[in-house]
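Commentary on secondary and tertiary structure
So you can see what is in the structure, the chains are spelled out below.
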Amino acid sequence: MNKRIISLITIIGVILCSSGCKKAEEPLLTDNATNVTVSEVKKDNIAETVKYTGEIKSTSNAIVSPKVSGSIESINVDVGDYVTAGTVLMTIDSSQYKQAYDQALAAYNQALASKEIANASKEQAAASVEQAQSAKELSVAAQKQAQATKDQAVAAQKQAQAAKDSTIAAKEGAEASYTNVSQGTSEQSKINTNQAVANAQITYDNALENYNRQKSLYDIGAVSKVTLDSAKANLDSAKIALDTAKANSAVNENVIIPQAEANAMAGVKQAQSGIAQADAALEQANAAVIQAEAGLEQANANLKQSDAGITQAKAGVSQAEANITQADASIAQAKVALDIAKTNLSNCYIKAPISGYISSKKATIGQMASAGIEMFTIENTDMVDVEINVTESIISSISVGANASINIASAKLNDITATVTLISETKDVTTGMFTVKLSIPNQDKKIKVGMLADVELIINEAAEAVIVDSNSVIRENEIEYVYVAEGNKAVKKEVVTGISDGKNVEIISGLTIGEKVIIEGKEFLSDKNTEIRITE
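Model, not experiment: these values are computed from the prediction.

1. Points about the overall build of the protein
Scanning the protein for helices and strands turns up six helices and 20 strands. For 536 residues, the compact-globule estimate of 2.2 N^0.38 gives 24 Å, and the C-alpha radius of gyration of the protein, at 67 Å, exceeds that figure by more than 25%. With the C-alpha coordinates aligned to their principal axes, the bounding extent of the protein is approximately 225 × 70 × 55 Å. By residue count, 34% of the 536 residues in the protein fall in the buried class. With an accessible surface of roughly 30,600 Å², the protein has 52% of that area assigned to carbon and sulfur atoms. Mean positive and mean negative side-chain charge positions of the protein (48 and 65 charges, respectively) differ by 3 Å.

2. As for the pairing of strand 5 (residues 88-92)
Across a regular strand the side chains alternate sides, sitting on one face of the sheet and then on the other. Extensive coverage of strand 5 is indicated by the burial of four of its five residues. Where strand 3 (residues 70-75) meets strand 5, three bridges bridge the pair, whose relative direction is antiparallel. When the sheet's bridge partners are listed, isoleucine 72 is paired in strand 5 with isoleucine 92. Strand direction decides the pairing type here: strand 5 and strand 6 (residues 349-351), joined by three bridges, are antiparallel. Looking at the pairing, valine 88 lines up with lysine 351 of strand 6.

3. A closer look at the nonpolar core
Counting 28 residues, the largest nonpolar core has Ile56, Ile408, Leu438 and Leu457 as the members making the most contacts within it. Taken together, the elements giving at least two residues each to this core come down to strand 2 (42-64), strand 9 (376-390), helix 6 (392-395), strand 10 (403-408), strand 11 (413-423), strand 12 (434-441) and strand 13 (452-469). Once residues lying within four places of it in the same chain are set aside, the contact partners of leucine 438 are Val384, Asp385, Val386, Ile388, Ala404, Ala418, Thr419, Val420, Thr421, Val455 and Leu457.

Basis of the calculations
- Residues numbered from 1 in each chain as written.
- Predicted model: local features only at pLDDT ≥ 70, side-chain atom pairs only at ≥ 80, totals over all residues.
- Heavy atoms only, no water.
- Helix = DSSP H or I, 4+ residues; strand = E, 2+ residues; numbered from the N terminus.
- Rg over C-alpha atoms; globule rule 2.2 N^0.38 Å.
- Buried < 20%, exposed > 50% of the residue type's maximum accessible area, 1.4 Å probe, protein only.
- Areas by Shrake-Rupley, 256 points an atom, 1.4 Å probe, with all protein chains shown as cover.
- Lys, Arg positive; Asp, Glu negative; His and termini not counted.
- Charge placed at Lys NZ, Arg CZ, Asp CG, Glu CD.
- Pairing = 2+ DSSP bridges.
- Core = buried A, V, L, I, M, F, W, Y, C linked by side-chain atoms within 4.5 Å.
- Contact = heavy atoms within 4.5 Å.

Limitation: the analysis is restricted to geometry and does not speak to function.
In structure tokens, the structure reads:
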């Protein structure tokens, strides 16, 4: 018992000694010291946020209505069904639209056939133009040939006339010789007969040269048979005239008057025969000229006919081209009608424009559906939106693409990320607020349209900022200050603050890291009351 009392006294003594030692090291505090708690100035990231509440809406929805009217034949979906884009939701009786499509298709095919016919006509007309051009070329060649034939015939005519003139001259010479012989041979008669022989020889030589030239041309096809025959007749006439002249000369040489007279008379007769032959050749040459002129006239007529054929063929081409233009217009018109009929027929199958859930259905089988009247509503909730109304003072701090933290209590979802997708350019005239839309992924479909979401948006942030507890800042007359604990004294320091996240505030100037600011008990401090006691 005594040992226990001694031990207790010893323990109490140690405790009192320890307490006394501590009090000796700490400043002495009066009863006026204010109890305070402190927080250390530190460096950290800070973000200023605003909070709003908005309603969940589908990102995309579609009101489905038919584009054609008719009786509903089938309905393939019901409310709550999930459909993919392109799924046939219902069908409308297509019989009248199929008939209209068949008629439009027939009209379109008919228009195509008409164009094919017009194209064939154009090809035929073009071929006719080419044929007419070829015919004209032949006519031009024939005209040139006919002109050349006429020119040759005229030349032969002139030669025949010259041969006749020569034969007449020979006849006159023969008659003169006969007169001389019958009146007596004289030197002058001899001279004359010799001159006649020389002239006849020249005429014969010319006729022979001309005949040889015409024969060469005839052999190569350059002159006609008529021209050659005319040259031959001229040669024969010249030969007769030469023979006659020579005979007359012989008569004069022999000075046998009776014989000379007979010979002279024979010369005259030969000359007369030559004239007859020359007349025949000239008549033949005249006939050749007339024939050549007729051929030329026919060639000119054929050329005019060819020109007329070309004009007519070109008119056929123009008409065919006009028909093609008309056919193209008919095809275009028929194609428009066919496209409309095809679209109407396709529109008998009402398809889902987007993927999503059927949220409403107003269609029943047998009902007369009218174009533009709502039949279904589809909600796509793979992504959902939340809309919030933001004040004018905040809207400039929000940008498209910014992230926000979302809490949806009814879906038991917290701190999910949403992205700002739309900021209205003008404020609502009723609320005076700006609409901001945020998009939220919803692949697991936990978020339902109509739920309420709490949205926290960052409107300002700073990295590695000097921050303090928001409770430490005192504002008086637009001046901000804090109390810093320095020993058992509170020192008042003016500060410049920046952004605040509600719990902490950024200190732009006035404090350094590591200082301890008073967060509780500061309201009891003043310039005269600065003694403090820090409590935990």
